[in-house]
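Topology and contacts: notes
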Amino acid sequence: MLLLIRNGRVIDPAQGIEDRLDVLIEDGRIARLGQTLSAPGAQMLDASGLIVAPGLVDLHVHLREPGFEGKETVTTGCAAAARGGVTTLVAMPNTKPSTDCPDIVRLVRKKAVPTGINVLPAGAVTVGQKGEQLTDFAALKSAGVPALTDDGLPIQNLALLRQAMLEAKRLGLPLMDHCEDKDMVQNFAVNEGAVSRQLDLPGRPAIAEELQIMRDVMLAEETGTHVHICHISTAKGVDIVRQAKARGVRVTCETCPQYFTLTQEEVLRQGAMARVNPPLRTQADVEGIRAGLADGAIDAIVTDHAPHTTEEKSRPLPDAPSGMVGLETSLALALTGLYHTGLLPLSRVIALMSSSPASLLGLDRGTLAVGRDADLVLFDPDEAWVIDKNRFASKGRNTPFHGRAVQGRVKYTISRGTIIYQEG
Ligand code: DOR
Ligand code: ZN
């Protein structure tokens, strides 16, 4: 099986390539990059006007299966990934049952096989994500988890968290942490500040996130464990990570398009549709996130794709679940908000969404190096379009970006040499 992608502009940050090149794929792997390649008998794909980049790697996705199939399934979530140019994703463990044992890891992986998406379930840190007893990290590692996290229900007990870090380090697994102090945020719906006051609701303060980031950094420094901070949302949080990195702490972090695009005021316009944990913050925070993306304090752009049903999201703000879908809009929002505004070069946006997240988990992905699995996204970086939630492959329609004009459109997604998504 030969596939020849011709005339595209290849951007592969891991190899420092940015050039008009052809890409030859043979038996699911990258066989050659070069100018005007020929391959008799190959299927041809004309990529004129398109960027040819590594398939996107999304470290933070809620696929909901098993247990919450009304919100999403592995199949629908992976179809959404393909539409978004994502070929590898890390699935969060807050399912029912949670991904706290090898059987569930294997179940999710098996369901993902026919989709063509490389799904890596993260292992839960504690049994049932109850924050009481550590799971069997070694068994989870053998089943293929790339990292451990209790995202959705993060550990609050510091003795247990420290023990988890020491055990994770022993096994060479990173620990991914959703940072928010539970007592401070409870089940509150919005950021604490002008908007929570206007709505007369209790808020989730920025300090609830920042204290836990600081705490995690201190524990990472003491234990030597690689700690990865999930979906960072505040300027000060970014600064804590920046300073920790400068003194050599093994800490990395990710953010999401909502945190560099929207502020808390979105809740006034869209109610529960703009409810997410951590919450949308202030303009100063948005600027802090953008600065962190520009100077390398932030390592990856992820989605925190968190589908919920229309019924759930129609509830009054205090009762609706938190989260928004993101797989089908992340590349366009990143290009629109970071590249088209002149903040980042195109290659940097691609790195933040492919090579950098892959390398921080030690995955053999996120590059077009010869011999690697042929996972690619082909996109028009400039095409203008309007986000329409009714066209999503995801079951989730919960996006605050419905109706938003963006620039940059996925045309083809290729996984292990097979076209798994083609626009139109
Ligand atoms: O907004 C969120 N939704 N944040 C989380 O941490 C969990 C997620 C979910 O599972 O819905
Ligand atoms: Zn989370």
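Notes on the structure in this doc start here. All values reported here derive from a predicted model rather than from experimental measurement.

Near ligand 1 there are 13 residues, and of these Arg-64, Asn-94, His-178, Asn-277 and Ser-322 occur at the shortest range. Here His-62 contributes a side-chain N or O atom positioned 3.5 Å from an oxygen atom of ligand 1. With respect to ligand 1, the backbone of Asn-277 contributes an N or O atom lying 2.9 Å from an oxygen atom. About the coverage of ligand 1: the protein hides 92% of its 290 Å² of free accessible area.

Direction vectors running N to C along helix H7 (residues 206–223) and helix H8 (residues 235–246) enclose 10°, while the axes themselves pass 9 Å from each other. The angle between the axes of H7 and H8 places the two elements in the roughly parallel class. The handedness of the crossing between H7 and H8 is right-handed. Seen from H7, the contacting residues are Glu-210, Ile-213, Met-214 and Val-217; seen from H8, they are Lys-236, Gly-237, Ile-240, Val-241 and Ala-244. Among the residues making up the contact of H7 with H8, the classes are represented as 6 nonpolar, 1 polar and 2 charged.

Glancing now at the sheet that holds strand S8 (residues 118–121). Read across the open sheet, the 3 strands follow the order S6-S7-S8; overall the sheet is parallel. Strands with a single pairing partner mark the edges of an open sheet, and in this sheet they are strand S6 (56–61) and S8. Ignoring which end each strand starts from, the neighbouring axes of this sheet average 20° apart. Examined bridge by bridge, S6 and strand S7 (residues 86–91) share 4 bridges and lie parallel to one another. Looking at S7, one finds that Val-57 is bridged to Thr-88. Across the face of the sheet, helix H1 (residues 74–84) comes into contact with S6, S7 and S8 while running at roughly 135° to S7.

Time to look at the coordination of the zinc ion (ligand 2). Protein coordination of the zinc ion (ligand 2) is provided by Asp-151 (OD), His-178 (ND1) and His-231 (NE2), with donor distances spanning 2.0 to 2.2 Å. Classification of the site at the zinc ion (ligand 2) as irregular follows from its 4 donor atoms and the range of 78 to 134° in their angles at the metal. Counting residues between consecutive donors of the zinc ion (ligand 2) along the chain gives the motif D-x26-H-x52-H. One end of the pair, Asp-151, is in the loop between strand S9 (148–149) and helix H4 (158–171); the other, His-231, is in the loop between strand S13 (227–229) and H8, with 80 residues separating them in the sequence. Note on His-231: relative accessible area 1%, which makes it buried.

Bringing the environment of Val-10 into the picture now. Along the chain, Val-10 falls in strand S1 (residues 2–12). Between the C-alpha atom of Val-10 and that of Leu-33, which follows or precedes it by 23 residues, the distance is 9.0 Å. Among all residues touching Val-10, those that are not within four sequence positions of it are Ile-17, Glu-18, Asp-19, Leu-21, Val-23, Val-52 and Leu-368.

This paragraph deals with the environment of Leu-352. Tracing the backbone shows Leu-352 in helix H14 (residues 346–353). Separated by 97 residues in the primary sequence, Leu-352 and Thr-255 place their C-alpha atoms 9.9 Å from one another.

Okay, the packing of helix H13 (residues 330–339) against H14 next. Contact pair H13 / H14: the axes reach a minimum separation of 10 Å and the direction vectors enclose 140°. In this view, H13 runs oblique relative to H14, as classed from their interaxial angle. The handedness of the crossing between H13 and H14 is right-handed. From H13, Ser-330, Leu-331, Ala-334, Leu-335, Leu-338 and Tyr-339 reach across to H14, where they touch Leu-346, Val-349 and Met-353. The residue inventory of the contact of H13 with H14, partitioned by class, reads 8 nonpolar, 1 polar and no charged.

Position of Asp-46 relative to the elements: it lies in strand S4 (residues 43–46). In the structure, Asp-46 is positioned 203 residues away from Val-249 in sequence and 45 Å away in space, judged by C-alpha atoms. Apart from residues no more than four positions distant in its own chain, Asp-46 is found in contact with Arg-6 and Asn-7. Side chain to side chain, Asp-46 and Ser-48 meet in a polar contact 2.6 Å long.

Let us now look at the pattern of salt bridges. Taken as a whole and judged by the stated rule, the model has 26 salt bridges. Salt-bridge contacts for Lys-111 lead to Glu-65; the nearest nitrogen and oxygen are separated by 3.0 Å. Residue Lys-111 is located in helix H2 (residues 102–112), and its partner Glu-65 is located in the loop between S6 and H1; the two are separated by 46 residues in the primary sequence. For Lys-111, a relative accessible area of 36% puts it in the partly exposed group. Of the residues examined, Glu-65 reaches a relative accessible area of 10% and is grouped as buried. Across the pair Asp-239 and Arg-242 runs a salt bridge, and its minimum N-O distance is 2.7 Å. On the criterion of helical spacing, the pair formed by Asp-239 and Arg-242 is a turn pair, its members being 3 residues apart in helix H8. A relative accessible area of 26% places Arg-242 in the partly exposed class.

Bringing the sheet that holds strand S10 (residues 175–177) into the picture now. Taken in spatial order, the 5 strands make up an open sheet running S9-S10-S13-S14-S15, and their pairing is parallel. Two strands lie at the open edges of the sheet, namely S9 and strand S15 (300–301), each paired on one side alone. When S10 meets S13, the two strands line up parallel, connected through 3 bridges. Each bridged residue has a counterpart across the sheet, and for Asp-177 the counterpart in S13 is Ile-229. In the packing of H4 onto the sheet, the strands contacted are S9, S10 and S13, and the crossing angle to S10 comes to about 145°. The strands that H7 touches are S10, S13 and strand S14 (251–255); relative to S13, the one it contacts most, it runs at about 165°.

Rules used in this analysis
- Residues numbered from 1 in each chain as written.
- Chains lettered and ligands numbered in written order.
- Predicted model: local features only at pLDDT ≥ 70, side-chain atom pairs only at ≥ 80, totals over all residues.
- Heavy atoms only, no water.
- Near = heavy atom within 4 Å.
- Polar contact = N/O pair within 3.5 Å; in protein donor to acceptor, adjacent residues only side chain to side chain.
- Areas by Shrake-Rupley, 256 points an atom, 1.4 Å probe, with all protein chains shown as cover.
- Axes fitted to C-alpha atoms, helices over the stretch in contact; angles between N-to-C directions.
- Helix = DSSP H or I, 4+ residues; strand = E, 2+ residues; numbered from the N terminus.
- Parallel < 35°, antiparallel > 145°, perpendicular 65-115°, else oblique.
- Left-handed = near helix turned anticlockwise from the far one by under 90°.
- Contact = heavy atoms within 4.5 Å.
- Nonpolar A, V, L, I, M, F, W, Y, C, P; charged D, E, K, R; others polar.
- Pairing = 2+ DSSP bridges.
- Donors = N, O, S within 2.8 Å, 3.2 Å for Na, K, Ca; no water.
- Tetrahedral: all angles 85-135°; square planar, octahedral: opposite > 155°, others 65-115°.
- Buried < 20%, exposed > 50% of the residue type's maximum accessible area, 1.4 Å probe, protein only.
- Salt bridge = Lys/Arg side-chain N within 4 Å of Asp/Glu carboxyl O.

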